[in-house]
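If you want the building blocks of each chain, they are given just below.
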Amino acid sequence: MTVSSSPKVVIVGARSARQGTGPFIAAGLSAAGARIGGIVGTSEASINAALNGLKHDWGIETVGHSSLSAALSAIQPDAVAICSPWRFHADQLREVAEANCHCLVEKPLAWPASIEKVDSLIAEYENRGLLLDLVGQWPATLSAFSALHSSIPESIDTFRMRLSPISIGEDMLADAAPHFISMLQALAGPGDCLACTAERDADNTKLTLTCTYKHGGGSLSAQLLLETCKERPRPAWYEVNDLRVDRSVTLPQYSQELIGNGERVPVVDPMHQVTAQFLSALDAGAVTKGKLLRSAHRNLLQLAAA
């Protein structure tokens, strides 16, 4: 499928009502040269709120639709960014593929979903020669980590990460564990989360997941610490071997830094990095990396089984 140098993109879920990334994805795509052809919302009120927010915060003017099918028919986009709640992803992914559009989708790709169902969704894009990619903002911070600690260790024995989702209970896993998995993949390549264990507190606001991540070069010990936090900016850090970095966010502009080794390094907006990489991949004619997507979903199922 030929894509112009300024592809037309539809955003599904362009309002950040709770912890949504739609406005930031739209802003990143626009900054990287895409045309935001329209947005999809669930009601007239939510559509108007999203349109007003995009115009006020990012200078993006576009149109709204109350259904994905209507937007696909009217706009005929090159690509769709799915930033809706993960419970709706599976149906939306299939509809986007059937419209022969490329897709950037928020994590998790589809949940809850079996390996077979996700494999079928990915195959829809592979068979059409389309690009399907997941939003993965945390690996975009690794260059800042490297600047703080001279480099990323060649041999990684341990990886730990702390995230602060707004959700509680089992939803914390779907909201936050994909970020953890994306970092494991970025550091060690695709693998399996083995010997998984989980501990949570009585009120379901803290969850600790521990596993052995077995990959092509060996294995490493990995741990994800989750603690509910309703207010932005939410605490977050990660540690490779014994080298730790903490994320610092300045509001309202949401500028970010990593802090570690007694120093601070600015982070180029991770969402802008992700969206620019997606558009660059489109321009280069890249297709779906099915192995990585399937591995990521298998890892999520492995952690959920704990």
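Here, every reference points to the structure presented above.
Here the structure is a predicted model, which is why all the values come from computation and not from measurement.

Enquirer: What should I look at first to understand the packing of aromatic side chains in this one?
Expert: Each pair of aromatic rings is reported with the distance of its centres and the angle of its planes. According to the stated counting rule, one finds six aromatic pairs in the structure shown. Arranged with centres 5.8 Å apart and planes meeting at 35°, the rings of Phe-24 and Tyr-254 form a pair that is tilted. Placement of the pair is Phe-24 in helix α1 (residues 22-31) and Tyr-254 in the loop between β12 (243-250) and β13 (255-260), with a sequence separation of 230 residues. Relative accessible area serves as the criterion here: at 21%, Phe-24 is assigned to the partly exposed category. When the ring of Phe-159 is compared with that of Phe-180, the centres are 5.9 Å apart and the planes differ by 25°; the resulting orientation is stacked. Of the two residues, Phe-159 sits in strand β7 (residues 158-163) while Phe-180 sits in helix α7 (residues 171-188), which places them 21 residues apart along the sequence. With respect to class, Phe-159 is no different from Phe-180; both count as buried. Members of the aromatic cluster, joined through ring pairs, are Trp-138, Phe-145, Phe-159, Phe-180 and Tyr-238. Here Arg-87 stacks its cationic end above the ring of Trp-86, 4.2 Å away from the centre of that ring. The lysine or arginine in question, Arg-244, covers the ring of Trp-237, its NZ or CZ lying 4.0 Å from the ring centre.

Enquirer: Would you explain the packing of helix α5 (residues 115-128) against helix α9 (residues 290-304) in this entry?
Expert: A packed helix pair is summarised by two numbers, namely the angle formed by the two axes and the spacing between the axes. Running from amino to carboxyl end, α5 crosses α9 at an angle of 160°, the nearest separation of the two axes being 10 Å. Overall, the two elements α5 and α9 adopt an arrangement that is roughly antiparallel. Crossing of α5 over α9 shows right-handed handedness. Taken together, the residues of α9 that come into contact with α5 (itself represented by Ile-115, Val-118, Asp-119, Ile-122, Ala-123 and Glu-126) are Gly-290, Leu-293, Arg-294, His-297, Arg-298 and Leu-301.

Enquirer: What is the right way to read the pairing of strand β10 (residues 218-227) from this model?
Expert: Sheet faces and side chains relate simply in a regular strand, where the side chains alternate between the two faces. With six bridges joining them, β7 and β10 adopt parallel strand pairing. Looking across to β10, one finds that Phe-159 is bridged to Ala-222. Bridge count for strand β9 (residues 206-215) against β10 is 10 bridges, and the pairing is antiparallel. Note on β10: the bridge partner recorded for Lys-206 is Glu-227. Counting the residues that bridge the hairpin from β9 to β10 gives two residues.

Enquirer: Is there a simple way to explain the environment of Asp-78 in this structure?
Expert: Counting through the fold element by element, Asp-78 comes out in the loop between α3 (68-75) and β4 (79-82). Residues Asp-78 and Leu-220 lie 142 residues apart in sequence; the distance between their C-alpha atoms is 40 Å. Polar contacts involving the side chain of Asp-78 include one to the main-chain amide nitrogen of Lys-8, which spans 2.8 Å.

Enquirer: Could you clarify how one ought to interpret the nonpolar core in this entry?
Expert: Side chains of a nonpolar character, in soluble globular proteins, are inclined to be buried together. Phe-159, Met-161 and Tyr-238 are the most contacted members of the largest nonpolar core, which totals 40 residues. When contributions to this core are tallied by element, the ones reaching two or more residues are α6 (142-148), β7, α7, β9, β10, β11 (237-240), β14 (263-267) and α9. When residues of this core are assigned to their parent elements, the largest contribution, 10 residues, is made by α7. With near-sequence residues (within four places) excluded, Met-161 lies in contact with Trp-138, His-179, Phe-180, Met-183, Gln-223, Leu-224, Leu-225, Trp-237 and Tyr-238. By size, the runner-up hydrophobic cluster in this structure holds 27 residues, among which are Val-10, Val-12, Ala-71 and Tyr-125.

Calculation notes
Residues numbered from 1 in each chain as written. Predicted model: local features only at pLDDT ≥ 70, side-chain atom pairs only at ≥ 80, totals over all residues. Heavy atoms only, no water. Phe/Tyr/Trp six-rings, centres within 6.5 Å; stacked < 30°, edge-to-face > 60°. Helix = DSSP H or I, 4+ residues; strand = E, 2+ residues; numbered from the N terminus. Buried < 20%, exposed > 50% of the residue type's maximum accessible area, 1.4 Å probe, protein only. Lys NZ or Arg CZ within 6 Å of the ring centre and 35° of its normal. Axes fitted to C-alpha atoms, helices over the stretch in contact; angles between N-to-C directions. Parallel < 35°, antiparallel > 145°, perpendicular 65-115°, else oblique. Left-handed = near helix turned anticlockwise from the far one by under 90°. Contact = heavy atoms within 4.5 Å. Pairing = 2+ DSSP bridges. Polar contact = N/O pair within 3.5 Å; in protein donor to acceptor, adjacent residues only side chain to side chain. Core = buried A, V, L, I, M, F, W, Y, C linked by side-chain atoms within 4.5 Å.

Interpretation note: all reported values are geometric properties and have no functional meaning in isolation.
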